[in-house]
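Overview (structure and organization)
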Amino acid sequence: MSAAYIVEAVRTAGGRRKGALADVHPADLGATVLDALVTRAGIDPSAIEDVLMGCVTQGGEQAFAFGRNCVLASGLPDSVPSVTIDRQCGSSQQALQFAAQAVMSGTQDLVIAAGTESMTRVPMFSNMSVYEKMGIGSGPFAPSIQERYGVPAFSQFTGAQMVADRHDLTREAMDRFALDSHRKAAAAIESGAFDAEIVPVATASGAFAQDEGVRFDATLEGIGALDPLTEGGTITAGNASQMTDGASGVLVASEAALKTHGLTPLARIHAFGVSAGDPVVMLEEPLPGTRKLLARTGLSLADMDLYEVNEAFASIPMAWAKALEADPAKLNVNGGAIALGHPLGASGTKLMTTLIHALKARGGRYGLQTMCEGGGMANVMIVEAM
């Protein structure tokens, strides 16, 4: 089977909800990344055979074949097709897995995997709440599902708290993890660690190119003063990810495309997988998903130089690291979604972009990325830096 290589990886800076990117149409956000990938690779845009676009809230400005609209808003010719993918928070990581499968199967040679989400202009859950307000339908969870699992609905907030309780993670420990996320992200910004991966976005106020959600003055006292999301709980807005606007993407190429277009790979996609489990606990699936992929490859976490585990809530990477006995010094070394934000459908290739650039900066070889996802699913991928 042919190998799949990542030859370019970029992201926009994360804009806080109702912040610097609030006036940018999400299709233009996605187009910014698509144009940057092609320009940086120095290839004819017509050589792109498909664009796989992750997006979670597919409604309003993110509806009607949203990925295709990102292509039409970009400098790519209209001969380039696109598809929009929803695997919840792992949407663009799944886009990357599909792109790798297309290249490895030999059916395509140059594919873009990307993701875009404007949580300002298309609020989270609005694709459900609009129908509810209009009195149309009864929601996504059929009575048969409710009866099977004994719950009226599935809540990520409930799941995050269940994970924290199951793994004995205290409020103070999660708040300290959140503080570390801000401190690592602030240090990365100040050192220029993100410069190579961020593509500026044109706004009415000028080019936007620095993550907006990082609190350089964050303190444990400040984070600890926030109220829990549920009475008696330990999950707060301070130890959870931020709602964010942003886009990201990677260009995946076959070995033949490397030669044809004179491309230099950043990384080789070594292995990947997806798994699913309890939809009520929901967010714990990266643990068995990681074990499953490592067992299949014969590698161990000790073989990984870095890992990116999405900080949807502090309890998720903390539980993952505790259960798998991971080295905390290798985890989210430039901060995570608690500080940098979680633009839903864009987070998969956003984390991969950061992972690849961090591996290169540190001279590492293997990196592992995993995402918890709504419905109790998880994607896991291992890449080898070139």
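Summarised in this report is the structure supplied together with it. Just so it is clear, the structure is predicted and the values come from calculations on it, not from any experiment. (Residues numbered from 1 in each chain as written. Predicted model: local features only at pLDDT ≥ 70, side-chain atom pairs only at ≥ 80, totals over all residues. Heavy atoms only, no water.)

A closer look at the pairing of strand β4 (residues 82-85)
- The pairing of strand β3 (residues 50-54) with β4 spans four bridges and is classified as parallel. Bridge pairing in β4 places M53 opposite T84.
- Handedness of the β-α-β unit built from β3, helix α2 (residues 66-73) and β4 comes out right-handed. (Pairing = 2+ DSSP bridges. Helix = DSSP H or I, 4+ residues; strand = E, 2+ residues; numbered from the N terminus. Right-handed = clockwise from strand over helix to strand, strands pointing away.)

Examining unusual backbone geometry
- The backbone of F64 shows a phi angle near 55°, a positive value even though the residue is not glycine.
- Here F64 lies in the loop between β3 and α2.
- Residue classification places F64 among the exposed positions, given a relative accessible area of 75%.
- Although it is not a glycine, A65 sits at a positive phi angle of roughly 55°.
- As for its placement among the helices and strands, A65 is situated in the loop between β3 and α2. (Buried < 20%, exposed > 50% of the residue type's maximum accessible area, 1.4 Å probe, protein only.)

A few points about helix α10 (residues 286-297)
- The end-to-end C-alpha distance of α10, which contains 12 residues, comes to 16 Å, matching closely the 16 Å that a straight helix rising 1.5 Å per residue would cover.
- Along α10, the residues classified as buried are P286, L287, G289, T290, L293 and L294. End-on, the buried residues of α10 take up no more than an arc of 165°, which puts them together on one face. Facing away from the buried side of α10 by over 90 degrees, the exposed positions are A295 and R296.
- Structurally, α10 contributes buried residues whose contacts are with β9 (267-276), α11 (315-324), β11 (366-373) and β12 (377-385).
- At the exit of α10 stands G298, carrying a positive phi of roughly 80°. (Expected span 1.5 Å × (residues − 1). Arc of directions from axis to C-beta. Contact = heavy atoms within 4.5 Å.)

A look at the packing of aromatic side chains
- One pass over the structure, following the stated rule, counts four aromatic pairs.
- Consider the rings of F141 and F154, whose centres lie 5.0 Å apart with planes at 80°: the pair is edge-to-face. A residue pair is termed long-range when its members are at least 10 positions apart, and F141 in the loop between α4 (126-134) and α5 (143-149) and F154 in the loop between α5 and α6 (156-166) qualify at 13 residues.
- Between Y307 and W320 the ring centres are 5.2 Å apart and the planes differ by 65°, which places this aromatic pair in the edge-to-face class. Here Y307 is found in strand β10 (residues 306-309), whereas its partner W320 is found in helix α11, with 13 residues between them in sequence. Of the two residues, Y307 and W320, neither departs from the other in class, the shared state being buried. (Phe/Tyr/Trp six-rings, centres within 6.5 Å; stacked < 30°, edge-to-face > 60°.)

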